[in-house]
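Below are the chains, spelled out letter by letter.
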Amino acid sequence: MPPKDGKSPKKKGGNISKAERERLQREADEQRLREEEEARLIAEREENERLERERIEQEKQQLLELKDRERREDELNELRHILDENHSAVTAWESECRNKAKWERYIRCDGSPDPAVQPEINSFISLWREDSETQIQQVLKNCALALQLIDELDFLLSEGPEPCTAQQYRETVLCLQSINLYKLNQATEELLKFANSSSDIETGNMQTVVQDDNITLCLWANLNKNPRFKGYRFEEVGLGFELPKPLAVSDIAVRILHTRYDHLSHHSEREQVQRRRSMMEGFLTSPSESAAVVQDGKIEGEEDEGEISKRVEEESRSVRSEGRKRSAVSVISSKEGKKSSSIKLLEEGESQMKGIAISLEADQNCSNPSPAELVFDSAGIHIVDLQQFTPLGGVFYFDVFHLPPQSHIVKGWEMRELSEGGLQVFPYPTEQSRIQSSTSVRLDEHSSTVVSLPVGVTVALPDSIMFLEGPQVARWDPIGQHWRTDCISDTNYDAENRSISFQMNAFYAFTLLQESYANMPFQSWELRPLGQDSALFTISGALTEVRITVKGKQCMLQMEETKDLDNLLGKWMSPSELQKAMRRAGINIFVNEYSDKYVSINSKDPLIEHTVYEQMALMSSAVAFSWSRWNTQCGQEHLVLQACEQLEAVPVAEEMWSLYLLGAQRNQHLKMKENDKSFSAALAEGSEFHSTFQHMLRQDMSIEGQARVRQSHYLYTDTIQRLLCATRVLTYS
């Protein structure tokens, strides 16, 4: 029967035969075997090639390492010789400068004493203390001389004198500081005695401003006693205050004394250092030594809480009574003054000038603490850590005084009541002000104490200070010798007008604070040569960019973000002077032994880091250096940075940079580039290992570049090294 249309005579569904299927399978298997064999041969060939490359690389590496070991001693000796020569030259130059400065000080004939000669400075202190001159202009002139002497003593202390000599210098500094404020208080009293003759026609009160380069004195005398008086602003200096009604009707005078120097913070720094030292001693004390002897159920040396409270209350009361007695004393007899030493003068001056009585009264009225709270601060949460924060702009002494008796004209005679007590502090808050405030001010949530009516302050930020962030306000605690942030409220910072206003519950000395490390960690940095013995050091901080031009042994700060700081920008000065000036201006890019506690750092071996800075300084006349993001990924024992030869005073092209891996034993030029996706320690083609970074760089330098490096002056090299060591950009970036 013939097949139907559309049907194949073969098997249904077009299936191939079994033999055909086996044939195809054999062909596929043979093809697979051939491919596997080819792949095996290729892999084997590639593996052999890889092993051969590794063998060659290993032999090359061993050869380079052997070559490096053979010249290691010579390279290290050469570097050590250069560094020793430069160090000896710098030391000799500094010694010559010191001797020259001593000679110039010795032959100076301007009438000022030499603070290093104890008889001269003691005579100056005694005569100044006994001087009855109270006219403000003469007082300011004498205070300026005292500040000059303090600066000279600070410089002498920075040179590391003998311990006994250093202690003598410190005592003299404290004595000059205390007498300085004492004389300003006397001048203030003299101005207030004639307040009625200088009263303003419009307000009926006396307001005056006296200032020089170091001090601004603002005085306001309440002659009118207008109950609607709210406050006053000294427009010419940007300072102002607000008073509550109880003070507006009182016979008082208000003083805002702005000193552009800070004679208080060093007391707090000393206290904090002593506290840290005692804590470290406690940690290092062995358990057997620190074990307490328990007697009668009480640890030896321990007191009952009642005994402590009683003792503290007695001490507090005695200090207050002593403060009231001493605040009433304005003149010391010449006989007593001649007998007193500089230490005794210091104690008397501090007791009179810091106003222990008013400060104690003010501290007691800060939420009315108990005597134990007055002396001890268990938590310490309000105490300012001066390692973390920096006072800027000096100190503002905000005081209220009893208005001295004013003169009266009687039948053509000017009559005045004589006061033997001197300048008297007006106690605020008074008991009456507390009673009046109790009707309008709510009680504290945690106590039944009535909060007194606050006093307000407005301060225009000094033009010589750059606040990277909004400033904080701290008040001085004369008992604890600390800056504190409590008892301050309603702080309002006006960034546009550069002013800050706030309220305090009493009258305190206060200052403006900024976080010391607000501009850290650094985002990037670059050290670029501008010519022979000249370079530009640029640091891009967290908040602002800083550029320092170095020429020889001088530095100059440049910044584009601000038009202020005319006293600092564009001025040539030494590295140490630049560091001090920048810190005072609020531009801190320099680190110290405490910085790593407040800044997230890229920890590196300090010895390796310092050695790299030394060699960077040696090469900086002809080589540019820059940061690398790979520095954070190479471990603590290695450093990675970018470098290239740069003989023109122009920015470095991106493709010109090369990466270098630096360690204690070996330095190498990397094959990779900054923008590669992964880190590789492969050596650059044609490069070698070197034991020093200096020789590593010199191997690829031009003849002109090597000549420029050899001609670098030791003072220029020292200046660059000081800047690098002060900023530690390899760790703090």
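Above this text sits the structure in question.
About the cut-offs
- Residues numbered from 1 in each chain as written.
- Predicted model: local features only at pLDDT ≥ 70, side-chain atom pairs only at ≥ 80, totals over all residues.
- Heavy atoms only, no water.
- Buried < 20%, exposed > 50% of the residue type's maximum accessible area, 1.4 Å probe, protein only.
- Helix = DSSP H or I, 4+ residues; strand = E, 2+ residues; numbered from the N terminus.
- Pairing = 2+ DSSP bridges.
- Axes fitted to C-alpha atoms, helices over the stretch in contact; angles between N-to-C directions.
- Parallel < 35°, antiparallel > 145°, perpendicular 65-115°, else oblique.
- Contact = heavy atoms within 4.5 Å.
- Nonpolar A, V, L, I, M, F, W, Y, C, P; charged D, E, K, R; others polar.
- Phe/Tyr/Trp six-rings, centres within 6.5 Å; stacked < 30°, edge-to-face > 60°.
- Lys NZ or Arg CZ within 6 Å of the ring centre and 35° of its normal.
- Core = buried A, V, L, I, M, F, W, Y, C linked by side-chain atoms within 4.5 Å.
- Salt bridge = Lys/Arg side-chain N within 4 Å of Asp/Glu carboxyl O.

(A) Quick peek at the pairing of strand E17 (residues 524-531). Burial within E17 is extensive, with 6 of its 8 residues counted as buried. With 7 bridges connecting them, E17 and strand E18 (residues 534-540) associate as antiparallel partners. Within E18, the residue paired with Pro-529 across the bridge is Ala-535. Turn length for the E17-E18 hairpin, with the two strands adjacent in sequence and antiparallel, is 2 residues, and the turn residue Asp-533 shows positive phi of about 60°. As defined by bridge partners, E17 adjoins strand E22 (residues 623-626) across 2 bridges and the pair is classed as antiparallel. Bridge pairing links Glu-526 to Ser-626 in E22.

(B) Here's a closer look at the packing of helix H1 (residues 18-107) against helix H18 (residues 714-727). Running from N to C, H1 and H18 cross one another at 95°; their axes reach a closest spacing of 9 Å. Classified by the angle between their axes, H1 and H18 sit roughly perpendicular to one another. Where H1 approaches H18, its residues Asn-86, Ala-89, Val-90, Trp-93 and Glu-94 are matched on the opposing element by Tyr-714, Leu-715, Thr-717, Asp-718 and Arg-722. Partitioned by chemical class, the residues of the contact of H1 with H18 number 5 nonpolar, 2 polar and 3 charged.

(C) The arrangement of the sheet that holds strand E4 (residues 239-242) in detail. Spatial strand order, E3-E4-E11-E15-E14: 5 strands in an open sheet with antiparallel pairing. Pairing within the sheet leaves two strands with one partner each, and these edge strands are strand E3 (231-234) and strand E14 (488-494). Along the sheet, successive strands turn relative to each other by an average axial angle of 10°, direction set aside. Bridging between strand E11 (residues 455-460) and strand E15 (residues 499-504) involves 6 bridges; their strand directions are antiparallel. If you follow Val-457 over to E15, its bridge partner there is Phe-502.

(D) Expanded view of the sheet that holds strand E20 (residues 554-558). What the 9 strands build is an open sheet, ordered E21-E20-E19-E18-E17-E22-E23-E24-E25; its pairing is antiparallel. Whereas interior strands pair on both sides, the edge strands pair on one side only; in this sheet they are strand E21 (572-573) and strand E25 (667-669). In this fold H18 packs onto E17, E18, strand E19 (545-551) and E20, with an angle of close to 10° to the strand it touches most, E18.

(E) Main features of the side chain of Arg-475. Looking at where Arg-475 falls in the secondary structure, it is placed in strand E12 (residues 472-477). Residue Arg-475 is classed as buried on the basis of its relative accessible area of 2%.

(F) Quick look at the packing of aromatic side chains. Here the structure, examined in full by the defined rule, presents 16 aromatic pairs. Considering the side-chain rings of Trp-630 and Phe-679, the 6.0 Å spacing of their centres and the 45° angle between planes classify their relative orientation as tilted. Placement of the pair is Trp-630 in the loop between E22 and strand E23 (639-645) and Phe-679 in the loop between E25 and helix H16 (693-698), with a sequence separation of 49 residues. Through a chain of ring-to-ring contacts, the aromatic side chains of Trp-220, Phe-229, Tyr-232, Phe-234 and Phe-241 assemble into a single cluster. A cation sits over an aromatic face here: Arg-129 above Tyr-182, 4.5 Å from the ring centre. Looking at Arg-475, its charged tip hangs above the ring of Tyr-508, at a distance of 4.5 Å from the centre.

(G) Examining the environment of Phe-679 more closely. Judged by its relative accessible area of 30%, Phe-679 falls in the partly exposed class. Put simply, Phe-679 and Gln-633 are 46 residues apart on the chain and 8.2 Å apart in space, counted from C-alpha to C-alpha. Each residue touching Phe-679, except ones within four places of it in the same chain, is listed here: Trp-630, Val-640, Leu-661, Leu-670 and Met-672.

(H) Fine view of the nonpolar core. Formed by 56 residues in total, the largest nonpolar core has its most connected members in Ile-548, Leu-557, Leu-568, Met-582, Ile-587, Phe-625 and Phe-693. Top contributing element to this core by residue count: helix H15 (residues 606-619), with 6 residues. Look past the residues within four positions of Met-582 in its chain and what remains in contact with it is Val-546, Ile-548, Leu-557, Leu-568, Ile-587, Asn-588, Ile-589 and Phe-590. Listed in part, the 47 residues of the second largest apolar core include Leu-147, Met-206, Leu-257 and Tyr-397.

(I) Representation of the pattern of salt bridges in the model. Overall, the coordinates contain 22 salt bridges when judged by the stated rule. Among the salt bridges present, the one from Asp-399 reaches Arg-255, with a minimum N-O distance of 2.9 Å. Taken together, the residues Asp-399 in strand E8 (residues 389-402) and Arg-255 in strand E5 (residues 252-259) connect sequence positions 144 residues apart. You'll find Asp-399 and Arg-255 in the same group, each marked buried. A salt bridge links Glu-526 to Arg-528, with the nearest nitrogen and oxygen atoms 3.5 Å apart. With a relative accessible area of 22%, Glu-526 lands in the partly exposed category. Salt bridges sharing partners connect three or more residues here, namely Lys-67, Arg-71, Glu-75 and Glu-688.

(J) Here's a closer look at unusual backbone geometry. Following Tyr-428, the chain continues to Pro-429 via a peptide bond in cis, the omega torsion being 5°. Looking at the secondary structure, you find Pro-429 in the loop between strand E10 (413-415) and helix H13 (431-437). Across the junction of Met-520 and Pro-521, the peptide omega takes the value -5°, indicating a cis bond. Inspection of the secondary structure puts Pro-521 in the loop between strand E16 (509-515) and E17. Positive phi is not limited to glycine here, since Arg-498 has a value of about 50°.

(K) Spatial organisation of the pairing of E14. Of the strand pairs in this sheet, E14 and E15 are connected by 5 bridges, and their pairing is antiparallel. Across the sheet, the residue bridging to Ser-489 is Gln-503, located in E15. The turn joining E14 and E15, which pair antiparallel and follow one another in sequence, is formed by 4 residues; a positive phi near 50° is taken by Arg-498.

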